[in-house]
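Next come the chains, spelled out residue by residue.
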Amino acid sequence: MKPVYQRIIAIIIMCVPGALAIYGWTLMRDVLFNYFGGQGMAWLPFTGGLVLLIIGLALIGGFLFHHDRKRKRIQPRLIGKQNDPTHRNKPGY
């Protein structure tokens, strides 16, 4: 069994990008609500929110993909040539 502190660190690692993504979504939502409410479009906060959303989702997705790849829970086509045991040094690779 893993020590408890390792699991707590993993939860923190997952929560920080999640909070960034949520904050980015909130910025984008507020800009769109203000735009449809009759105010002008604020492109800088909208773009910043989009960047935060994409970064947060990419970090969470990358963490989960890495975690599943270590435990061999992904499809064989996503494993890659480096981790594929059936891959041999053939010409053209």
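Preceding this paragraph is the structure being described.
All values reported here derive from a predicted model rather than from experimental measurement. Every chain is numbered independently, its residues counted from 1 as its sequence is written. Residue-level local features of this predicted model are given only where pLDDT is at least 70; pairs of side-chain atoms are given and counted only at 80 or more, and the full residue set underlies all totals for whole chains, interfaces and linings. The side-chain numbers reported here are obtained from all heavy atoms of the structure, hydrogens and water having been left aside.

1. A short note on the overall build of the chain
So, point 1. Strands here mean DSSP runs of E at least two residues long; helices mean DSSP runs of H or I at least four residues long; both are numbered from the N terminus. Along the backbone of the chain there are two helices and zero strands.
So, point 2. Accessibility here uses a 1.4 Å probe with only protein chains present; expressed as a share of the type maximum, an area under 20% marks a residue as buried, one over 50% as exposed, and anything in between as partly exposed. Each of the 93 residues in the chain was classed as buried or not, and the buried ones make up 13%.
So, point 3. In this description, contact between two residues means that some pair of their heavy atoms is separated by no more than 4.5 Å. Restricting to contacts in the chain with at least 6 residues of sequence separation, those with at least 24 account for 51%.
So, point 4. Computed by Shrake-Rupley with a 1.4 Å probe, the accessible areas treat only the displayed protein chains as cover when residues are assessed. Counting only carbon and sulfur atoms, one obtains 66% of the accessible surface of the chain, whose full area is about 7,800 Å².

2. A look at the packing of aromatic side chains
So, point 1. By convention, a stacked pair of Phe, Tyr or Trp rings (six-membered ring in the case of Trp) has centres within 6.5 Å and planes under 30 degrees apart, an edge-to-face pair has planes over 60 apart, and any other such pair is tilted. Evaluated as defined, the whole model comprises two aromatic pairs.
So, point 2. With a centroid separation of 6.2 Å and an interplanar angle of 90 degrees, the aromatic rings of W43 and F46 are classed as edge-to-face. One end of the pair, W43, and the other, F46, are both in helix α2 (residues 43–70), three residues apart, so they sit about a helical turn from each other.
So, point 3. Taking relative accessible area as the criterion, W43 reaches 55% and is therefore assigned exposed.

3. Re unusual backbone geometry
Peptide bonds are trans in most cases, and residues, glycine excluded, mostly fall at negative phi.
So, point 1. Even without being a glycine, K72 presents a positive backbone phi close to 55 degrees.
So, point 2. With respect to the secondary-structure elements, K72 resides in the segment after α2.

This is a description of form; function is not addressed.
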